[in-house]
Amino acid sequence: MSLAYLASIIVSGFCMGLVDHRWKLFVFDRPRRALVLLAVGLVYFLVWDLVAIGLEIYHRGESEAMTGIEVAPELPLEELFFIVFLCYVTMVLHGLFRMLLGSLSSGDRGQREALR
């Protein structure tokens, strides 16, 4: 049993949170909306995983870096954290692209300078 994979997901999520906090791209822009979107994403991909497991498309991988804890048959604990991280990264990137495209289209030099 190892916490390496789970810890790497959590640390990566924390680092993404620092980026989000610095530029207010997702959670730190509109917290309620962000948490609802993260919850919807978690439920969607969790159902996706459970259906795929039920159809025997997905199987739990074996790795010494994983905890070995399963929240359901063939569904490791790390998968829940990964799904949240995947949704969070996607929305932070979406916020970043919106900010960049908005500043480029408006021609606002001040915003471009703030990005540097």
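Provided above is the structure to which this section pertains.
Residues numbered from 1 in each chain as written. Predicted model: local features only at pLDDT ≥ 70, side-chain atom pairs only at ≥ 80, totals over all residues. Heavy atoms only, no water.

Draft legend 1. The arrangement of the overall build of the chain in detail. Each helix and strand counted, the chain has four helices and two strands in total. For the chain, the sequential pattern of α-helices and β-strands runs α-α-β-β-α-α. Each of the three principal axes of the chain carries a C-alpha extent, and together these read 55 × 25 × 25 Å. Here the chain holds 116 residues, and 24% of them are scored as buried. Of all intrachain contacts in the chain linking residues separated by at least 6 positions in sequence, the fraction that spans at least 24 positions is 61%. Taken as a whole, the chain presents about 7,900 Å² of accessible surface, with 68% of it coming from carbon and sulfur. Charged side chains in the chain number 10 positive and 12 negative. The centres of these two groups are separated by 21 Å. (Helix = DSSP H or I, 4+ residues; strand = E, 2+ residues; numbered from the N terminus. Buried < 20%, exposed > 50% of the residue type's maximum accessible area, 1.4 Å probe, protein only. Contact = heavy atoms within 4.5 Å. Areas by Shrake-Rupley, 256 points an atom, 1.4 Å probe, with all protein chains shown as cover. Lys, Arg positive; Asp, Glu negative; His and termini not counted. Charge placed at Lys NZ, Arg CZ, Asp CG, Glu CD.)

Draft legend 2. Looking closely at unusual backbone geometry. Its identity is not glycine, yet Glu 56 carries a phi of approximately 60 degrees, on the positive side. Mapped onto the elements of the fold, Glu 56 is located in the loop between helix H2 (31-54) and strand E1 (70-72). We note that Glu 74 has phi near 70 degrees; this positive angle belongs to a residue other than glycine.

Draft legend 3. How the structure looks around the nonpolar core. In terms of nonpolar packing, the biggest core is built from 11 residues, these being Met 16, Leu 25, Phe 26, Val 27, Ala 34, Leu 38, Ile 83, Cys 87, Tyr 88, Val 89 and Val 92. When residues in this core are grouped by element, the largest group, five residues, is from helix H3 (residues 77-106). Beyond its immediate stretch of four places on either side in the chain, Leu 25 contacts Val 19, Asp 20, Met 91, Val 92, Gly 95, Leu 96 and Met 99. (Core = buried A, V, L, I, M, F, W, Y, C linked by side-chain atoms within 4.5 Å.)

Draft legend 4. Focus on the pattern of salt bridges. Under the criterion given, the structure shown has two salt bridges. Salt-bridge contacts for Glu 62 lead to Arg 60; the nearest nitrogen and oxygen are separated by 3.0 Å. With relative accessibility at 67%, the residue Glu 62 sits in the exposed group. Looking at Arg 60, the relative accessible area reads 19%, which means it is buried. The partner of Arg 60 in a salt bridge is Glu 70, and the shortest N-O contact between them spans 3.3 Å. A residue pair is termed long-range when its members are at least 10 positions apart, and Arg 60 in the loop between H2 and E1 and Glu 70 in strand E1 qualify at 10 residues. By relative accessible area, which is 37% here, Glu 70 ends up partly exposed. (Salt bridge = Lys/Arg side-chain N within 4 Å of Asp/Glu carboxyl O.)

Draft legend 5. Summary view of the packing of aromatic side chains. Summed over all chains, the structure comprises four aromatic pairs. Relative to Trp 48, the ring of Tyr 44 has its centre 5.9 Å away and its plane inclined at 70 degrees; by these criteria the two rings are edge-to-face. Of this pair, Tyr 44 and Trp 48 are both found in helix H2, four residues apart, which corresponds to roughly one turn of the helix. Of the residues examined, Tyr 44 reaches a relative accessible area of 49% and is grouped as partly exposed. (Phe/Tyr/Trp six-rings, centres within 6.5 Å; stacked < 30°, edge-to-face > 60°.)

Draft legend 6. Here's a closer look at a nonpolar patch on the surface. Together, Val 43, Tyr 44, Val 47, Trp 48, Val 51, Leu 55, Ile 57 and Tyr 58 line one region of the surface with nonpolar side chains, adding up to about 820 Å² of accessible area. Its location among the elements puts Tyr 58 in the loop between H2 and E1. Of the residues examined, Tyr 58 reaches a relative accessible area of 35% and is grouped as partly exposed. (Patch = residues over 30% accessible without salt bridge, like charges linked within 9 Å, V, L, I, M, F, W, Y side chains within 5 Å.)

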